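Secondary and tertiary structure notes
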Amino acid sequence: MYTLYYSPGTCAIATQVILFELGQEVKIVDRAHVSDFSEITPVKAVPVLVDGERTLTEGAAIILYLLAKHQNSLLPTQGFERQEAIQNLMFANATMHPAYSRLFFIAANIDDEVVK
């Protein structure tokens, strides 16, 4: 069984989705409930995936690890199609995620209440 550390509203949800799609058992832990998260990862960022004695960080790297480890149809096994899928994953991680995360932060912190 895996252990996945996350924070609400972060990209760690992508790792949860992959684990679910792969049918893997996972214990999901909010990093806010860990007394000293820096013992798990000195960077203190999520997601963090623990697989036995291995601790993995960085969402895209974790997803690639999981897709390589478990049989699936989500990532082609060879050829240009595989490279294209990896390219799309890296684009989503490096370009789309930072842009959209700003929108999610703004939306979560705007109060639409009209003050009279």
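Everything numeric in this text was worked out from a predicted model, so none of it was measured. (Residues numbered from 1 in each chain as written. Predicted model: local features only at pLDDT ≥ 70, side-chain atom pairs only at ≥ 80, totals over all residues. Heavy atoms only, no water.)

Overview of the packing of helix α1 (residues 12-21) against helix α2 (residues 59-69)
The relative placement of two packed helices is expressed as an angle between their axes plus a distance between the axes. Put simply, the rule is: To get an axis, a line is fitted to the C-alpha atoms, and for a helix only the part in contact is used. The angle between two axes follows their N-to-C directions and goes from 0 to 180 degrees. Numbering goes from the N terminus for both helices and strands, where a helix is a DSSP run of H or I of at least four residues and a strand is a run of E of at least two. Orientation categories follow fixed angle ranges, with anything under 35 degrees roughly parallel, anything over 145 roughly antiparallel, 65 to 115 roughly perpendicular, and all other angles oblique. We call two residues in contact whenever any of their non-hydrogen atoms come within 4.5 Å of each other. In this count, Pro and Cys sit with the nonpolar residues alongside Ala, Val, Leu, Ile, Met, Phe, Trp and Tyr, while Asp, Glu, Lys and Arg are called charged and the others, Gly among them, polar.
Running from N to C, α1 and α2 cross one another at 5 degrees; their axes reach a closest spacing of 9 Å. As the angle between them shows, α1 and α2 are arranged roughly parallel. Between α1, through Ala-14, Thr-15, Ile-18 and Leu-19, and α2, the contact on the second element is made entirely by Gly-59, Ile-62, Ile-63, Leu-66 and Leu-67. Residues belonging to the contact of α1 with α2 are distributed by class as follows: seven nonpolar, two polar and no charged.

Considerations on α2
The test is simple: Note on classification: 1.4 Å probe, protein chains only; a residue is buried when its accessible area is under 20% of the maximum for its type, exposed when over 50%, partly exposed between these limits. Relevant arc is that of directions from the helix axis to the C-beta atoms, nothing else.
Three or more residues of α2 are buried, namely Gly-59, Ala-60, Ile-62, Ile-63, Leu-66 and Leu-67. All buried residues of α2 project into a common sector of 160 degrees when viewed along the axis, lining one side.

Brief notes about the sheet that holds strand β4 (residues 54-57)
Quick note on the threshold: The pairing criterion for strands is at least two bridges between them, as found by DSSP.
Strand order in this open sheet of four strands is β2-β1-β3-β4, and the pairing throughout is mixed. Every other strand in the sheet has two partners, leaving β2 (26-30) and β4 as the edge strands with one partner each. The mean angle between the axes of side-by-side strands here comes to 20 degrees, regardless of whether they run parallel or antiparallel. Examined bridge by bridge, strand β3 (residues 48-51) and β4 share four bridges and lie antiparallel to one another. Within β4, the residue paired with Asp-51 across the bridge is Arg-54. Sitting on the sheet, α2 touches β1 (2-6), β3 and β4, and the angle it makes with β4 is about 130 degrees.

Points about the side chain of Thr-3
Its place among the elements puts Thr-3 in strand β1. Residue classification places Thr-3 among the buried residues on the basis of a relative accessible area of 18%. Setting aside its immediate chain neighbours within four residues, Thr-3 contacts Val-26, Lys-27, Val-29, Val-48, Leu-49 and Val-50.

Focus: α1
Buried within α1 we find Ala-12, Thr-15, Ile-18 and Leu-19. In an axial view of α1, the angular spread of the buried residues amounts to 115 degrees, which keeps them on one side of the axis. Looking at the packing, one finds that the buried side of α1 touches β1, β2, β3 and α2. The first or second residue beyond α1 is Gly-23, which carries a positive phi of 70 degrees.

Considering the pairing of β2
Quick reminder of the rule: The crossover handedness rule: strands pointing away from the viewer, path from first strand over the helix to second strand clockwise, crossover right-handed.
As paired elements, β1 and β2 share five bridges and run parallel to each other. Within β2, the residue paired with Tyr-6 across the bridge is Asp-30. Taken together, β1, α1 and β2 form a β-α-β motif whose crossover is right-handed.

Observations regarding the pattern of salt bridges
Rules: Salt bridge, as used here: a side-chain nitrogen of Lys or Arg that lies within 4 Å of a carboxyl oxygen of Asp or Glu.
Inspection of every chain in the model, using the stated rule, returns one salt bridge. A salt bridge links Asp-51 to Lys-69, with the shortest nitrogen-to-oxygen separation between them at 2.5 Å. Here Lys-69 lies in helix α2 and Asp-51 lies in strand β3, a separation of 18 residues in the sequence.

Examining the nonpolar core
For clarity, the cut-off: Note on terminology: a nonpolar core comprises buried Ala, Val, Leu, Ile, Met, Phe, Trp, Tyr and Cys residues joined through side-chain atoms within 4.5 Å.
By size, the foremost hydrophobic cluster in this structure holds 15 residues, and its most contacted members are Ile-18, Leu-19, Leu-49, Leu-66 and Leu-67. Looking at this core, the elements with two or more residues in it are β1, α1, α2 and α3 (79-108). In terms of residue count, α2 provides more of this core than any other element does, five residues in total. Apart from the residues within four sequence positions on either side, Leu-49 is in contact with Tyr-2, Thr-3, Leu-4, Leu-19, Arg-54, Thr-55, Leu-56, Ile-62 and Leu-66. Within the second largest apolar cluster, seven residues are counted, among which are Tyr-5, Val-29, Val-34 and Phe-37.

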